[in-house]
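This is what each chain is made of:
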Amino acid sequence: KEALERERKENEASLVFAKGCSIDKLISLFFIGAFLGDIIETIFCYVTAGVLMSRSSVVYGPFSIVWGLGCVLLTAFLYPYRQKSDSCIFIAGTVLGGAYEYICSVVTELLFGTVFWDYSKIPFNLGGRINLLYCFFWGIVSVIWLKLCYPFLSRFIEQIPKKTGVIVCRVLVVFMVFDIGMSGLALARYSERQAGNGAVQSRLERYLDQHFPDEKMKEIYPNAKFV
């Protein structure tokens, strides 16, 4: 009887899209986090600075890759500890978030020669890449995410029909790979133009210059600084 009950539950689970902390669940959370993160940052900048500016990481769509990957990392690393105390999750999130933001800053600078944020004027910063206050924000976000947001979003995602969810996930992944690739090319070309190396030598460079001129890139990445 116990074996039959276990088999029944396994069969039911196999029909659920993105059950548990699966790859499809993490992909879904990435896109949700990337979209909401972009919207939240845009609103935050408007409220605090009175300026409506793009906070997107890519050239197509309102998606913040930093937020999307942050949601994935917080979920993947902290999921086993979701039953732990808030203080434990806060400390883990503070350390993990700070390390993640520092690595993102280094990687984007090495790849594109571009600095997207600079905390040099904020106390207790490390090379302008991270600061203690924002690390604490990561800790707070970790608690809110794991205790409130994740359970709600997880249930919502698992209610999506399995076939539909799988197809949508695959399409979104292909789209994001293309979006990130095109964004990287556009940023690299933008950096070349800023460095005075904007002479057109190929069809790709001509295409990038036509579709992603300096004016458009400044709109998408208003805080980008070239080093």
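As a reminder, the structure under discussion sits directly above these lines.
First things first, this report covers the structure right here in the doc. (Residues numbered from 1 in each chain as written. Predicted model: local features only at pLDDT ≥ 70, side-chain atom pairs only at ≥ 80, totals over all residues. Heavy atoms only, no water.)

Digging into the nonpolar core
Moving on, step 1. If you look at the biggest cluster of nonpolar residues, it comprises 30 residues, and the most contacted ones within it are Leu29, Phe30, Phe31, Phe63, Trp145 and Met176.
Moving on, step 2. At the level of secondary structure, the elements contributing two or more residues to this core comprise helix H2 (23–49), helix H3 (65–78), helix H4 (86–112), helix H5 (132–158) and helix H6 (162–194).
Moving on, step 3. Broken down by element, the residue count for this core peaks at 7 residues, all from H5.
Moving on, step 4. Non-local contacts of Phe31, meaning those with residues more than four positions away in its chain, are made with Phe63, Leu172, Val173 and Met176.
Moving on, step 5. Among the nonpolar cores identified, the runner-up in size contains 11 residues, and Met182, Ala186, Tyr190 and Phe212 belong to it. (Core = buried A, V, L, I, M, F, W, Y, C linked by side-chain atoms within 4.5 Å. Buried < 20%, exposed > 50% of the residue type's maximum accessible area, 1.4 Å probe, protein only. Helix = DSSP H or I, 4+ residues; strand = E, 2+ residues; numbered from the N terminus. Contact = heavy atoms within 4.5 Å.)

Observations concerning H6
Moving on, step 1. With 33 residues, H6 extends 47 Å from end C-alpha to end C-alpha; this agrees with the ideal 48 Å at 1.5 Å per step.
Moving on, step 2. One or two residues past the end of H6 sits Gly196, with phi positive at roughly 85 degrees. (Expected span 1.5 Å × (residues − 1).)

Side note on empty space enclosed by the protein
Moving on, step 1. Going through the model one piece at a time under the given rule, you end up with 1 cavity of 30 Å³ or more.
Moving on, step 2. For the largest cavity, the calculated volume is near 30 Å³.
Moving on, step 3. The wall of the largest cavity is formed by Ser105, Thr108, Glu109, Thr114, Val115, Phe116, Trp117 and Arg129.
Moving on, step 4. Taken together, the elements giving at least two residues each to the lining of the largest cavity come down to H4 and strand E1 (114–115).
Moving on, step 5. Here the element with the most residues in the lining of the largest cavity is H4; it accounts for 3 residues.
Moving on, step 6. Split into classes, the residues belonging to the lining of the largest cavity amount to 3 nonpolar, 3 polar and 2 charged. (1 Å grid on protein atoms, 1.4 Å probe; cavity = no way out; pocket = protein on both sides within 12 Å on 5 of 7 lines; lining within 4 Å. Points joined across faces, edges and corners; volume = space filled by probe spheres on them. Nonpolar A, V, L, I, M, F, W, Y, C, P; charged D, E, K, R; others polar.)

With respect to the pattern of salt bridges
Moving on, step 1. A complete count under the given rule lists 9 salt bridges for this structure.
Moving on, step 2. A salt bridge links Asp24 to Arg170, with the nearest nitrogen and oxygen atoms 2.8 Å apart. On the criterion of sequence distance, the pair formed by Asp24 in helix H2 and Arg170 in helix H6 is long-range, its members being 146 residues apart.
Moving on, step 3. Residue Arg170 is classed as partly exposed on the basis of its relative accessible area, which comes to 43%.
Moving on, step 4. Across the pair Arg129 and Glu109 runs a salt bridge, and its minimum N-O distance is 3.0 Å. Of this pair, Arg129 sits in the loop between strand E2 (125–126) and strand E3 (130–131) while Glu109 sits in helix H4, and the two are 20 residues apart along the sequence.
Moving on, step 5. One continuous salt-bridge network, built from bridges that share partners, spans Arg189, Glu192, Arg193, Glu205, Asp209 and Asp214. (Salt bridge = Lys/Arg side-chain N within 4 Å of Asp/Glu carboxyl O.)

Considerations on the environment of Tyr79
Moving on, step 1. Mapped onto the elements of the fold, Tyr79 is located in the loop between H3 and H4.
Moving on, step 2. In the structure, Tyr79 is positioned 67 residues away from Leu146 in sequence and 7.5 Å away in space, judged by C-alpha atoms.
Moving on, step 3. Excluding anything up to four places from it in sequence, Tyr79 contacts Gly20, Cys21, Leu74, Leu146 and Tyr150.

No statement about biological role is implied by the geometric values presented.
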